[in-house]
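Residue-level structure breakdown
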Amino acid sequence: MTHVDHQRPSAVDFYRRSLDCVHCGLCLPACPTYQALGVEADSPRGRIYLMRALAEGRVDDPQSIRPFLDRCLDCRACETACPSGVRYGEILETVRTDLEQKAPRRGPGAWLVRTLLTHVVARQNRLRLLFALLGIAEVLGLRWLAERLRLLPASMRAVAPRIPPRAERRPLPTGVHRPAVPVRGRVGLFTGCVMEPLFGRVNRATLRLLLANGFEVVVPAAQRCCGALLVHAGLAGRARPLATANLDAFADVDVVINNSAGCGCALKETGHLLGNDRAQAFARKCRDISEFLAEVGLTATPAPRRARAAYDDPCHLCHGQGVRTQPRQLLAQVPGLELVPHDRPEDCCGSAGIYNLLQPALAAEIGNRKVESLAAANVDLVITGNPGCMLQIDSHLRRIGHRATVRHPVELLLPP
Ligand code: SF4
Ligand code: SF4
């Protein structure tokens, strides 16, 4: 009996979907790991071949294909490039989950990642506590000391962000926020896990922007992490209770707004994760902030901003959600903002959740290509809508000494 025969239905689904791949290879040039390594097994086509072989019981040791799956960023550029409609992300995430169940990773590193994702990142109070402790360590100079003594791995030193001051990390007040202008509608706001402690200003700008444009905003206290990082790590079982809690938390609103491409993609895939009608209905309510505002139109004119800027597409917004024109349409309404193109707007930046910590060399190479493209565009501002991308692009811009600052689209769209 092959693996396929005794998998749960989603695993059979993934196998069937992998059969859609006709091995044409049109996805290969779009794949950042194939671009970097030039190895077939590190391409979408090669990985699909390996995953199909696993499903058909032709892989003796599942661990042997793991390095190739681990090097995949789950960026989904291959889905955009694929003319056959192969749903690569779903295939990969299902296989990663099956591997994690049948042949869990061993060792302290794997334990640490599982523990952090499951017991810290997915629990907002613990994540807040972690950032509070890291903030204190930074104020006391312990980070400086750890860097001087080289206690932190070089990869972590390069990408670890500065911890913002406490005022910046404060959570959004939960409950109902009412606009001071005539009300056009009512929306829920999903506040995410790392957006709050690292980019609290973006959450506050999102709230202000919605209010200024006439929307009553509900910030449910009971909302939970979207579980995207858990799903990417093959821990979908841990993500399901979080997704179920979010169905309840946002039951009273018809639209759920998020400002993080990775979270937004996961929220829209809640139907796939939970596999029931209620989850499908919830997924249909979810919108990226730029998608929503482009649809309803801005009623508050953004404050003027004299700058030359490049918009960079987060993978999980362009490839994962098909949202490309909306942020550009909105940014075109900022008086004085000169929006210029750059060569690689839809290429992955190498952040990909915690990929830049787990695969530092490859992530750095991919990140370098991204900032070379941005530097060639000679911009003052880089605008992108995902916290991981903001951190990764910022750290690589600083590394090459480029002057550009990184901002989220909502920060440019606020009225004076
Ligand atoms: S998801 Fe990205 S890294 Fe993975 S195979 Fe597809 S294009 Fe390559
Ligand atoms: S483009 Fe699609 S069909 Fe062609 S090799 Fe890639 S995944 Fe398979």
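None of the values given here were measured: they were computed from a predicted structure.

A few words now on the overall build of the protein. Counting its regular elements, the protein contains 25 helices and 9 strands. On C-alpha atoms alone, the protein measures out to a radius of gyration of 21 Å, which is about the 22 Å that the 2.2 N^0.38 rule sets for 416 residues. Each principal axis of the C-alpha atoms in the protein carries an extent, and together these give about 65 × 50 × 40 Å. Counting all 416 residues of the protein, 54% fall into the buried class. Considering only contacts within the protein whose residues lie at least 6 apart along the sequence, 76% involve residues at least 24 apart. When the accessible surface of the protein is totalled, it reaches about 18,200 Å², and 56% of it is carbon and sulfur. Each charge class in the protein was averaged separately, 53 positive and 39 negative side chains, and the resulting centres sit 6 Å apart.

Here we take up the pairing of strand E6 (residues 307-311). When a strand is regular, its side chains alternate between the sheet's two faces. Among the 5 residues of E6, 4 are classified as buried, and the element is accordingly described as predominantly covered. As judged from the 3 bridges shared by E6 and strand E7 (residues 337-339), these two strands associate in the parallel manner. Its bridge partner lying in E7, Ala309 is registered against Leu339. Of the pairings in the sheet, the one linking E6 to strand E8 (residues 381-383) comprises 3 bridges and is parallel in character.

We note that His23 has phi near 60°; this positive angle belongs to a residue other than glycine. One can find His23 in the loop between helix H1 (9-18) and helix H2 (32-37). When its relative accessible area of 38% is taken as the criterion, His23 is described as partly exposed. We note that Asp74 has phi near 55°; this positive angle belongs to a residue other than glycine. Structurally, the position occupied by Asp74 is in the loop between helix H4 (66-70) and helix H5 (77-81).

This brings us to the domain arrangement of the protein. Accessible area lost during the coming together of the parts is what is often quoted as the interface size. According to the domain assignment, the protein contains domain 1 (3-102), domain 2 (108-161), domain 3 (168-295) and domain 4 (301-413). Here the C-alpha centroids of domain 1 and domain 4 sit 28 Å apart. The partner domain 4 presents 17 residues to the 14 residues of domain 1 that form the contact. Each partner contributes to the roughly 1,200 Å² buried at the junction of domain 1 and domain 4, and carbon and sulfur atoms together form 59% of this total. If you sort the residues of domain 1 by the area they bury against domain 4, Leu73, Cys75 and Thr80 come out on top, with a joint share of 38%. For the pair domain 1 and domain 4, the interface holds 0 salt bridges. Here domain 1 and domain 4 share 6 residue pairs in polar contact (both at pLDDT 80 or more) between them. Those elements that provide at least two residues to the side of domain 1 that touches domain 4 are H2 and H5. Per element, the largest residue contribution to the side of domain 1 that touches domain 4 is 5 residues, and it comes from H2. Classifying every residue of the side of domain 1 that touches domain 4 gives 7 nonpolar, 3 polar and 4 charged.

So, about the sheet that holds strand E3 (residues 215-219). Taken together, the 5 strands give an open sheet; going across it, the order is E1-E3-E2-E4-E5, and neighbouring strands pair in mixed fashion. Edge strands, defined here as strands with exactly one partner in the open sheet, are strand E1 (175-177) and strand E5 (286-288). Recorded for the sheet is a direction-independent mean angle of 35° between the axes of neighbouring strands. Taken together, the 3 bridges between strand E4 (residues 256-258) and E5 define a ladder with parallel strand orientation. Residue pairing for E5: Asn258 is matched across the bridge by Asp288.

For the rest of this paragraph, the subject is a positive patch on the surface. Together, Arg123, Arg126, Arg224 and Arg238 make up a positively charged patch on the protein surface. Inspection of the secondary structure assignment puts Arg238 in helix H15 (residues 236-249).

Moving on: the nonpolar core. Judged by nonpolar contacts, the single largest core of 84 residues is most densely connected at Leu210 and Leu337. Those residues in contact with Leu210, other than ones at most four positions away along the chain, are Val187, Leu189, Phe215, Val217, Ile257, Ile289, Phe292 and Leu293. Core analysis: the next-biggest nonpolar cluster, separate from the first, contains 24 residues, Cys21, Ala55, Cys82 and Val86 among them.

With that settled, the discussion passes to the site of ligand 1. The immediate surroundings of ligand 1 are formed by Cys31, Pro32, Pro44, Arg47, Cys72, Leu73, Asp74, Cys75, Arg76, Ala77, Cys78 and Tyr88. Those elements giving two or more residues to the shell around ligand 1 turn out to be helix H3 (44-55) and H5. Counted by class, the shell around ligand 1 contains 9 nonpolar, no polar and 3 charged residues.

This part takes up the packing of aromatic side chains. The final tally for this structure, using the stated rule, is 3 aromatic pairs. Where Phe190 meets Phe250, the ring centres are 6.4 Å apart and the plane angle is 45°; that geometry is what we call tilted. Placement of the pair is Phe190 in the loop between strand E2 (185-189) and helix H12 (195-198) and Phe250 in the loop between H15 and E4, with a sequence separation of 60 residues. A ring pair is formed by Phe215 and Phe292, whose centres lie 5.0 Å apart and whose planes are at 70°; its orientation type is edge-to-face. Of this pair, Phe215 sits in strand E3 while Phe292 sits in helix H19 (residues 289-296), and the two are 77 residues apart along the sequence. Phe215 sits in the buried class, given a relative accessible area of 5%. Feature note: the residues Phe190, Phe250 and Phe282 constitute an aromatic cluster, connected by ring pairs. The lysine or arginine in question, Arg58, covers the ring of Tyr49, its NZ or CZ lying 5.8 Å from the ring centre.

Thresholds applied
Position labels on residues start from 1 in each chain and follow its written sequence. Numbering of ligands from 1 and lettering of chains from A proceed in the order in which they are written. Two thresholds apply to this predicted model, a pLDDT of at least 70 for residue-level local features and 80 or more for giving and counting side-chain atom pairs, whereas whole-chain, interface and lining totals are computed over all residues. Computation of side-chain values covers all heavy atoms of the structure but excludes hydrogens and water. Only DSSP runs of H or I with at least four residues qualify as helices, and only runs of E with at least two residues qualify as strands; both kinds are numbered from the N terminus onward. A radius of gyration in this sense is built from C-alpha atoms; the matching globule rule multiplies 2.2 Å by the number of residues raised to 0.38. Summary of the burial criterion: residues with accessible area below 20% of their type's maximum are buried, those above 50% are exposed, and those between are partly exposed, where the area comes from a 1.4 Å probe applied to protein chains only. Contacts are residue-level and defined by heavy atoms, with any inter-residue pair within 4.5 Å sufficient. Residue exposure ignores everything except the shown protein chains as possible cover, and the areas themselves are Shrake-Rupley values with a 1.4 Å probe. Neither His nor the chain ends is counted toward charge; the positive residues are Lys and Arg and the negative residues Asp and Glu. For the purpose of locating charges, the reference atoms are NZ of Lys, CZ of Arg, CG of Asp and CD of Glu. Whether two strands pair depends on DSSP finding at least two bridges between them. For each domain, the first and last residues come from an automatic or database assignment. Buried surface area refers to the total accessible area, computed with a probe of radius 1.4 Å, that the two partners give up upon joining, counted for both partners together. Salt bridges, as used here, are contacts in which a Lys or Arg side-chain nitrogen is within 4 Å of a carboxyl oxygen on Asp or Glu. Counted as a polar contact is a pair of N or O atoms within 3.5 Å, where, for protein atoms, one must be capable of donating a hydrogen and the other of accepting one, and residues adjacent in sequence contribute only when both atoms are in side chains. Charged means Asp, Glu, Lys or Arg here, nonpolar means Ala, Val, Leu, Ile, Met, Phe, Trp, Tyr, Cys or Pro, and polar covers whatever is left, Gly included. Interaxial angle, 0 to 180 degrees, is taken between N-to-C directions of lines fitted to C-alpha atoms, where a helix line uses only the stretch in contact. Patch membership requires more than 30% relative accessible area and the absence of a salt bridge. Residues of like charge join within 9 Å; the nonpolar side chains Val, Leu, Ile, Met, Phe, Trp and Tyr join within 5 Å. Definition used in this section: a nonpolar core is a set of buried Ala, Val, Leu, Ile, Met, Phe, Trp, Tyr and Cys residues joined via side-chain atoms within 4.5 Å. Only heavy atoms are used to decide nearness, and a residue is near a molecule or strand if one of them lies within 4 Å of it. When the centres of two rings from Phe, Tyr and Trp lie within 6.5 Å, Trp using its six-membered ring, the rings pair. Their planes under 30 degrees apart give stacked, over 60 give edge-to-face, and anything left gives tilted. Whether a charge sits over a ring depends on NZ of Lys or CZ of Arg being within 6 Å of the ring centre and within 35 degrees of the ring normal.

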